[in-house]
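What follows is the residue order along each chain.
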Amino acid sequence: MAVSETSTQPATKYDMDGEGVCPYRLVLEHVTSRWGVLVLIELLERSYRFSELRRAIGRVSEKMLTQTLQTLERDGLVHRDAKPVIPPRVDYSLTDLGREAAEQVRALATWTKDRMDDVQQARQTYDEARA
């Protein structure tokens, strides 16, 4: 295993720079975060204004949605279109890169929904074996 010059910890396949904070891992965390997943999947359907998106997702605070959108925008996944009108109008949509990521996330979400009975059965079997 490779060892970083400034760290005694071995590098892993998820730790590309040997320091524990690799850009790949951070983007993965952003895309698969609790709200990131829902934002990406929802924006696959169409662009949304902030309040519409918040209602569509449900149970997300204004602060968390703002932070999630800013993070995904910084990563190049979400486009923020602020129109200079009164009252201000801001629309959020996916970039091409964001659409690609959202398709992957939606596939995982669909798999989870489709296989939930199997997961429930596995949980029950696990719990019974430990009871």
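Residues numbered from 1 in each chain as written. Predicted model: local features only at pLDDT ≥ 70, side-chain atom pairs only at ≥ 80, totals over all residues. Heavy atoms only, no water.

*Asks:* Please provide a residue-by-residue account of the nonpolar core, values included.
*Replies:* One finds Val39, Leu40, Leu43, Leu53, Leu65 and Leu69 to be the most contacted residues of the largest nonpolar core, which totals 22 residues. Taken together, the elements giving at least two residues each to this core come down to helix 2 (34-45), helix 3 (50-57), helix 4 (62-74), strand 3 (89-94) and helix 5 (96-114). Discounting chain neighbours no more than four positions away, the residues touching Val39 are Leu53, Ile57, Leu65, Thr68, Leu69 and Leu72. (Core = buried A, V, L, I, M, F, W, Y, C linked by side-chain atoms within 4.5 Å. Buried < 20%, exposed > 50% of the residue type's maximum accessible area, 1.4 Å probe, protein only. Helix = DSSP H or I, 4+ residues; strand = E, 2+ residues; numbered from the N terminus. Contact = heavy atoms within 4.5 Å.)

*Asks:* How would you sum up the environment of Val27? Please name residues and give values.
*Replies:* Here Val27 is to be found in helix 1 (residues 23-31). For Val27 and Thr71, which are 44 residues apart along the polypeptide, the C-alpha to C-alpha distance reads 9.2 Å.

*Asks:* Got a sec to walk through the packing of helix 2 against helix 3? Specific residues and values, please.
*Replies:* Taken N-terminus to C-terminus, the directions of helix 2 and helix 3 make an angle of 110°; their axes are 10 Å apart at the nearest point. The orientation of helix 2 relative to helix 3 falls into the category roughly perpendicular. Regarding helix 2 and helix 3, the two cross each other, and that crossing is right-handed. Side by side, helix 2 and helix 3 meet where Trp35, Leu38, Val39, Glu42 and Leu43 of the first sit next to Leu53, Ala56 and Ile57 of the second. Taken together, the residues that form the contact of helix 2 with helix 3 break down as 7 nonpolar, no polar and 1 charged. (Axes fitted to C-alpha atoms, helices over the stretch in contact; angles between N-to-C directions. Parallel < 35°, antiparallel > 145°, perpendicular 65-115°, else oblique. Left-handed = near helix turned anticlockwise from the far one by under 90°. Nonpolar A, V, L, I, M, F, W, Y, C, P; charged D, E, K, R; others polar.)

*Asks:* Give me the packing of aromatic side chains: which residues, what numbers.
*Replies:* On inspection of all chains with the given rule, the structure shows 0 aromatic pairs. Here the basic side chain of Arg46 rests over the ring of Tyr48, its NZ or CZ set 3.9 Å away from the ring centre. Its guanidinium or amino end placed over the ring of Tyr126, Arg130 lies 3.8 Å from that ring's centre, counting from NZ or CZ. (Phe/Tyr/Trp six-rings, centres within 6.5 Å; stacked < 30°, edge-to-face > 60°. Lys NZ or Arg CZ within 6 Å of the ring centre and 35° of its normal.)

Shape is all these values report; function is a separate question.
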